[in-house]
Amino acid sequence: MTVLPKDRLPLTTSPGERAARRRATAVVVVMIALLALLLLMPLIRAVSRGFTHDGKASVYWFGRILTNQILLSEMLNSVLLACTTTAIALLLAVPLAMIRSSVRFRGQGVLSVLILLPLILPPFVGAMSMSRLLAHYGVLNQILARVGILSNAAAGPDWLGGGFAGVAALQALHLFPILYLNASAALANIDPAYAQAARNLGAGRWRTFRSVTLPLMRPGLFAGGTIVFIWALTDIGTPLILGYERLTAVTLFKELARAEINPRTYSLVFVMLTGAVTLYVLGKFVFGRSVRLDSSKATVAVEAPRLGVVGTAWAWLAFGGVIGLAILPHIGVVLTAISARWVNTILPSQITFDHLRFVLVRPETRVCIMNSLRYAGASTAVDVVIGSIIAWLLVRTRARGRTLLDSTAMLPLAVPGLILAAGYVAITARGSWLESIGPMNNPFVILVIAYSVRRLPFIVRGVSAGLEQIPIALEEASRNLGASRPATVLRITLPLIAASVLAATVLTFSFAMLEVSDSLILAQTESHYPITKEIYRQATSGNRDAASVAAALGVYGMVLLGGSMALAGALLGRRLGAIFRA
Amino acid sequence: MNSMQRNRGRSILVLAALVIALATGSAGCAGSAQTPDDPRRSGVDEQVRRKWGKGLADLPTLKLLAISPHNKNITDEYEWAFSLYHAVTFGQTVDIEWHDVGGGGSAILSYLRNVYAGGQDSSGIDIVWGGGEHMFQRMAGEGVLEPMDLSPEVLAAIPEMFGGVTMRDPGRLWCGSAVSGFGFLYNRPVLAALGVAEPTSWDDLTADKMFGQICLADPTQSGSAAAAYEMIVQSAPDWPTGWAKLLGVLSNAWRFEGSAGAAAKAPALGTAPVATCIDFYGANVAAEAPDMLVYVSPKGQTAFTPDPIGILKGAPNRQLAQRFVDFVLSAKGQALLALKIGERDGPVRTPLGRQPIRRDVYGLYAEGMSPWVVNPYEAGNEMTLDIDVRRIRYAVLKQLVRAAAVDNLADMKAARRVLIRTADPARLAEFNRLPDDVDTVADIAEIARRLKDPTEAERIVSTWRRFFRDKYRGIAE
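Residues numbered from 1 in each chain as written. Chains lettered and ligands numbered in written order. Predicted model: local features only at pLDDT ≥ 70, side-chain atom pairs only at ≥ 80, totals over all residues.

Details of the overall build of chain A
Next, step 1: Each helix and strand counted, chain A has 26 helices and six strands in total.
Next, step 2: Radius of gyration (C-alpha) of chain A: 24 Å, near the 25 Å computed for a compact globule of 582 residues.
Next, step 3: If one aligns the C-alpha atoms of chain A with their principal axes, the spans along those axes are about 70 × 70 × 50 Å.
Next, step 4: Across the 582 residues that make up chain A, the buried fraction comes to 54%.
Next, step 5: In chain A, once contacts between residues fewer than 6 apart in sequence are set aside, the share between residues at least 24 apart is 80%. (Helix = DSSP H or I, 4+ residues; strand = E, 2+ residues; numbered from the N terminus. Rg over C-alpha atoms; globule rule 2.2 N^0.38 Å. Buried ≥ 20, exposed ≤ 12 C-beta atoms within 10 Å, placed from the backbone. Contact = placed C-beta atoms within 7 Å.)

Some words on the domain arrangement of chain B
Frequently, the measure chosen for interface size is the accessible area removed from exposure when the parts meet.
All names here are of chain B.
Next, step 1: On domain assignment, one finds that chain B holds domain 1 (48-180 + 306-368) and domain 2 (205-263 + 384-476).
Next, step 2: Taken together, the twelve residues of domain 1 in the interface contact nine residues of domain 2.
Next, step 3: Those elements that place two or more of their residues in the side of domain 1 that touches domain 2 are helix H4 (105-116) and helix H5 (133-141).
Next, step 4: When residues of the side of domain 1 that touches domain 2 are assigned to their parent elements, the largest contribution, three residues, is made by H5.
Next, step 5: Among the residues forming the side of domain 1 that touches domain 2, the class breakdown is three nonpolar, eight polar and one charged. (Domains from an automatic or database assignment. Nonpolar A, V, L, I, M, F, W, Y, C, P; charged D, E, K, R; others polar.)

As for the interface of chain A and chain B
Next, step 1: The partner chain B presents 76 residues to the 70 residues of chain A that form the contact.
Next, step 2: Looking at the side of chain A that touches chain B, the element that brings in the most residues is helix H16 (residues 363-396) of chain A, giving eleven residues.
Next, step 3: The residue inventory of the side of chain A that touches chain B, partitioned by class, reads 33 nonpolar, 24 polar and 13 charged.

Re the packing of helix H11 (residues 248-257) of chain A against helix H12 (residues 263-287) of chain A
All names here are of chain A.
Next, step 1: In contact at an axis separation of 10 Å, H11 and H12 are set at 150° when each is read in the N-to-C sense. The angle between the axes of H11 and H12 places the two elements in the roughly antiparallel class. Seen from above, H11 lies across H12 with left-handed handedness. For the pair H11 and H12, the contacting residues are Thr-248, Leu-252, Glu-255 and Leu-256 in the first and Thr-265, Leu-268, Val-269 and Met-272 in the second.
Next, step 2: Grouping the constituent residues of the contact of H11 with H12 by class yields five nonpolar, two polar and one charged. (Axes fitted to C-alpha atoms, helices over the stretch in contact; angles between N-to-C directions. Parallel < 35°, antiparallel > 145°, perpendicular 65-115°, else oblique. Left-handed = near helix turned anticlockwise from the far one by under 90°.)

What to know about the packing of helix H17 (residues 409-422) of chain B against helix H20 (residues 454-476) of chain B
Residue and element names in this part refer to chain B.
Next, step 1: Direction vectors running N to C along H17 and H20 enclose 35°, while the axes themselves pass 8 Å from each other. Considering the relative orientation of H17 and H20, their crossing is left-handed. Contacts from Asp-411, Met-412, Ala-414, Ala-415, Val-418 and Leu-419 of H17 reach H20 at Arg-469, Tyr-472, Arg-473, Ile-475 and Ala-476.
Next, step 2: Of the residues assigned to the contact of H17 with H20, the class counts are eight nonpolar, no polar and three charged.

Describing the sheet that holds strand S8 (residues 182-187) of chain B
Residues and elements named next belong to chain B.
Next, step 1: Overall, mixed pairing links the five strands, which are arranged S10-S9-S11-S8-S12 in an open sheet. Of all the strands in the sheet, the pair left with one neighbour each is strand S10 (253-257) and strand S12 (293-296). Strand-to-strand, the axes of this sheet are offset by a mean angle of 30°, without reference to chain direction.
Next, step 2: Of the pairings in the sheet, the one linking strand S9 (residues 214-217) to S10 comprises four bridges and is parallel in character. Across the sheet, the residue bridging to Ile-214 is Ala-253, located in S10. (Pairing = 2+ DSSP bridges.)

As for the UniProt feature "domain: ABC transmembrane type-1" (unreviewed entry) in chain A
Residues and elements named next belong to chain A.
Next, step 1: The UniProt record annotates "domain: ABC transmembrane type-1" (unreviewed entry) at residues 75-283 and 369-568.
Next, step 2: Across residues 75-283, helical content stands at 74% and strand content at 0%; the span's end C-alpha atoms are separated by 17 Å.
Next, step 3: Helix makes up 74% of residues 369-568 and strand makes up 0%, while its end C-alpha atoms are separated by 18 Å. (UniProt positions renumbered as here; feature names shortened; annotations may be inferred.)

A few points about the confidence of the model for chain A
Residues and elements named next belong to chain A.
Next, step 1: Across chain A, the average pLDDT comes to 86, with 93% of residues at or above 70.
Next, step 2: Taken element by element, chain A is modelled with least confidence in helix H26 (residues 576-579), mean pLDDT 41, and with most confidence in helix H14 (residues 328-337), mean pLDDT 95.
Next, step 3: Here residues 1-8 is modelled with pLDDT under 50, and outside its nearest four sequence neighbours on either side it reaches 15 contacts, counting other chains as well.
Next, step 4: Across residues 573-582, where pLDDT falls below 50, the model places 31 contacts with residues more than four positions away in sequence or in other chains. (pLDDT = per-residue confidence, 0-100.)

Observations regarding the confidence of the model for chain B
All names here are of chain B.
Next, step 1: Of the residues in chain B, 90% reach a pLDDT of 70 or more, and the chain-wide mean stands at 87.
Next, step 2: Confidence, expressed as mean pLDDT per element, reaches its minimum in chain B at helix H1 (residues 3-25) with 52 and its maximum at helix H13 (residues 318-329) with 98.
Next, step 3: Long-range and interchain partners of residues 21-34, a stretch whose pLDDT sits below 50, account for 35 contacts in this model, where long-range means more than four residues apart.
Next, step 4: Across the whole predicted complex the pTM is 0.87, and at the interface the ipTM reaches 0.85.

As for the environment of Ile-427 of chain A
All names here are of chain A.
Next, step 1: Along the chain, the position of Ile-427 falls in helix H18 (residues 417-427).
Next, step 2: Spatially, the C-alpha atom of Ile-427 lies 7.6 Å from that of Arg-45, the residues being 382 residues apart in sequence.
Next, step 3: Once residues within four sequence positions are removed from consideration, Ile-427 is found in contact with Met-41, Pro-42, Arg-45, Ser-432 and Leu-434.

The structure is reproduced here in structure tokens:
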């Protein structure tokens, strides 16, 4: 095994290979053109005001940003936050993924599904529930007062004032499953023979992990790490819940929500995007190097040891502790859905199932759930196809323009949702050639495009990581033995990267189901609302039972997503967690 | 089953799932709003038969497109009532397609700007309804609204100004359709535990004991909050004293929320015991636990703001849009806002609990109104403001509050904490000191003019933000 600083594919000069490279370059050009049309065009339309001053093209606004101390300190703060969140998420995810892959214990399947729950917190009601839990006069302080740690709830701290550390901790608890999924997929792709050889040669557990397992996991960790990093860099939800506003993304969000948007804001969007892509490219250079693998992942079969009662208890404690903390807001959503009165008490003081029943029988609920499934299902399918092609171009070819394609495909992670949605409104306005797919008509196409573009990085990174871990020799052998390229992909490549594709697909589908910005702006009429917009409409209706009805919708959303994840596992043969075992 | 077969099986399942997802995705979306058993229908059907010679169900249906942040209770009640009114009067029923772009006035304005950005002469939408008077003034200024016909009866019943706030556009580009008061909501047991007296006026919110306990709204995002802040300033004898009073409230903030609706949740969730909010939000939240949550409309200190309606430039159904406006502003349409279920001209499914903007409606329908509907025109409910000063200061005050408090929250709180601890008059004077360019009303007029230019606005607000940050840090040191 050798770690290569550059590309792991040998330089080729034969005419056939040159032709293959040209073909691959042509596909890269097509992909870049596609992204230019669906991502860059609306983006440029939305931020173009940041590039003009006094009616002329200008970098005036960039100058204003670069000389503004407050904005610069917010940028630095954002990068520090993203680094901290990613580090905490790694510390949570990697040990759990290692336990998951190296031992077997009772209840492992249940935990494998439960650990994904933090990802499926419904918007608006999830934030409300988190606020209630951590509020100065909220549930946590009331519990502390009840057990005698505080003299009364009002004497407790305002946990929502947790600042930088609080934001990093909550972000990590929310996002660590992304890294867990990627780490699990990466571990599933590692041939146990390497670790066995290291142990046989006298290396201890830690040294084996550090020198063998960790480098082999690197593509998967890089894939998850970049997503968590850029997510944390551009996240607004958690900082807004905690009122921590010294961050570029929060400043942008607040500026964009105002009626009068200063052109400087659009320049700041550009600066943030450039910064995110630069950090990604730097990260790829430093952490994203590929490893040369000379054998398949399944040269030896190793039966993981089964834990005894004590070991199982420890494993449950490790998983249960993290999951328990991370799903407290979900429990809050369920309790809100069944509360008739919940003021100044630890639990609702009056319970009712009316909200759950009301939401269940409303035809609007069925419509919005079906819409969400359609939008998320179709966009995930588009992402899997486009994302896999891009990943293949990035990993398996030496086509020109790959770095540009790679960076452009990662860009959507950093683009503020409001900006992209505004761009889609502009390019589909009445009279434009894209009017027919605009939100004034049936917004299905534009929503699927919006969802697909925003979640594309999940598939690109996930599939790239899978491909990087599979030796190209296996595909070459298949082709040498006469198999066609499609047959090779279907019978060799796809089965070998199934875990990575599945992990990325689960993430893509979940986040598409929970998409907010595009849904709020582009799904305008009730018959086209996805569930997130319906939750928003209910939560902000101003009605007496607004929070509970919105939470009831959130409960059905969580059940639906949790069910989808379990179904994904069942569809592919065994329980979800087991998929990540080779 | 060996591993290879299993792998192949997985691949086929993955592909099958993709195909199914695409197939279901392209199947289209469906759904329609449900109409309840409307007791008015049978009576209307008879009238329609007499006048138009056929039943309601046989009448042709027109379509009206509206963009609105209003909730479904309001949109449903108005759609049903207007359709029946239109059937009787014009022999056609009406379906209204309600568009919601995920937010209040700011979101609608941003959306319309994007839609009209390429020089389009129509947005494809007829009516814009709801979102605050300030947003409608902007829309009018940006040329996206068309003048409406307002009958003398409507003009007589709706004042052009009320409490210093514009209720309808003099050029008839928009007109208020309802009014909202702005007060505060508090959590009684929490205030008792903190030893804080229950507030009844804006002055009470400046008390030291209120430090960190109030959830406020950002005036650059909430027109109601902006109106309330102006009123606090005007309740003092002069501008510097008024600013000091307002800063007393602002520096007691726990946080600034993006909308008055979002702030209203704080006392029930326990995040802050006091929150400023719009009256009907406050009343609805308080209804969950009336013994614990109390909404107060400070007597004589309440800012009332209109909820306007307008017709959009290039409305595809111009005539129908005008008829809808006529209906909403008619006495009957106004009564729908405030009446209880079952009352003549009242709602069918849900009481809307909003305050009509027409003065005469409060007399015409006095008996059937929901108990929490307050007549804003009743003596003592409004506060008389200096309209000229307000007009000049409106934009300036919002940006000043943003720079001094919203964007400098942490530093402002740190400084206020020191003031409470030290009670140092010199520090207090420094805390209340205004930037040089806005310390007189004359300066404010000049700044208001300059703020209209984006380059100047960015410079001015950035300078203010630095000014306040440095000042607060100096006090806290």
